[in-house]
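# Topology and contacts: notes
So you can see what is in the structure, the chains are spelled out below.
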Amino acid sequence: SSDLTQNDKNDIDHRVRRRTVRARHILASMVIDGIQAGEIQDVNIRSACNLLFSLFEAAIFRLAVLGKTSVSDMGDAAALVVRQLAVSTYQAGKS
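These notes cover the structure that comes with them. Counting starts from 1 at the beginning of each chain's written sequence and moves along it residue by residue. Totals for whole chains, interfaces and linings use all residues, but because this is a predicted model, local features are given only for residues with pLDDT of at least 70 and pairs of side-chain atoms are given and counted only at 80 or more. Derived side-chain values reflect all non-hydrogen atoms in the structure, with water molecules and hydrogen atoms excluded from consideration.

## Let's talk about the overall build of the chain
Basically, it comes down to this: Helix and strand definitions follow DSSP, with helices as H or I runs of at least four residues and strands as E runs of at least two, each counted in order from the N terminus. Atoms counted for the radius of gyration: C-alpha only. Globule rule: 2.2 Å times the number of residues to the power 0.38. Buried, partly exposed and exposed residues are distinguished by accessible area as a fraction of the type maximum, computed with a 1.4 Å probe on protein chains only: under 20%, between the cut-offs, and over 50%, respectively. What sets the accessible areas is the Shrake-Rupley method with a 1.4 Å probe; for residues, cover comes only from the shown protein chains.
Scanning the chain from N- to C-terminus turns up four helices and zero strands. Order of helices (α) and strands (β) in the chain, N terminus to C terminus: α-α-α-α. Computed over its C-alpha atoms, the radius of gyration of the chain comes to 17 Å, more than 25% above the 12 Å expected for a compact globule of 95 residues. Here the C-alpha coordinates of the chain stretch approximately 55 × 25 × 15 Å along the principal axes. Within the chain, the proportion of its 95 residues that are buried is 17%. For the chain, the exposed surface amounts to about 7300 Å²; the carbon and sulfur share of it is 55%.

Structure below.
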């Protein structure tokens, strides 16, 4: 049972949504900057952001729902995603 009022729950929902939008905006800015700098392939920005954000969601799920104390094992998955987004000149240097 929870002692949170409906207003408390609405406030938490609002704060989570606001932070989620902000995180997605930061990811989009990073992807756009990477594309403009020639470091990231010219990919669909929304798709790239969804892919990157899904890693955050998976980490949060593991911590909050599954009760894990670490998500360090997700590092390889994150590295794989970044390598796939990188332009080939960056991929060649990182093999």
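## Observations concerning the packing of helix 1 (residues 6-36) against helix 2 (residues 45-64)
Basically, it comes down to this: Axes here mean lines fitted to C-alpha atoms, for a helix over just the part in contact, with angles spanning 0 to 180 degrees between N-to-C directions. An angle counts as roughly parallel when it lies under 35 degrees, as roughly antiparallel when it exceeds 145, as roughly perpendicular when it falls between 65 and 115, and as oblique in every other case. By definition, turning the near helix anticlockwise from the far helix through less than a right angle yields a left-handed crossing, and turning it clockwise yields a right-handed one. Note on contacts: a residue pair is in contact if any heavy atoms of the two residues lie within 4.5 Å. For this scheme, ten residues count as nonpolar: Ala, Val, Leu, Ile, Met, Phe, Trp, Tyr, Cys and Pro. Four count as charged, namely Asp, Glu, Lys and Arg, and the remainder, Gly too, count as polar.
The interhelical angle for the contact between helix 1 and helix 2, taken along N-to-C directions, is 130 degrees, at an axis separation of 9 Å. The angle between the axes of helix 1 and helix 2 places the two elements in the oblique class. Crossing angle aside, the handedness with which helix 1 passes helix 2 is right-handed. Note on element contacts: helix 2 touches helix 1 through Ile-45, Ala-48, Cys-49, Asn-50, Leu-52, Phe-53, Phe-56 and Glu-57, opposite Thr-20, Ala-23, Arg-24, Leu-27, Ala-28, Val-31, Ile-32 and Ile-35. Within the contact of helix 1 with helix 2, the residues separate by chemical class into 12 nonpolar, two polar and two charged.

## Thoughts on the packing of aromatic side chains
What counts, and what does not: Each pair of aromatic rings taken from Phe, Tyr and Trp, with Trp reduced to its six-membered ring, is defined by centres within 6.5 Å and is described as stacked if the planes are under 30 degrees apart, edge-to-face if over 60, and tilted in the remaining cases. For a Lys NZ or an Arg CZ to count as sitting over a ring, it must be within 6 Å of the ring centre and within 35 degrees of the ring normal.
Per the stated rule, a full pass over the model turns up one aromatic pair. For the pair Phe-53 and Phe-56, a centre-to-centre distance of 6.1 Å together with 65 degrees between the ring planes defines the contact as edge-to-face. One end of the pair is Phe-53 and the other is Phe-56, both in helix 2 and three residues apart, which spans about a single turn. Taking the relative accessible area as the measure of exposure, Phe-53 reaches 8% and is therefore buried. In this structure, Arg-24 packs its charged tip against the face of Phe-53, placed 4.1 Å from the ring centre.

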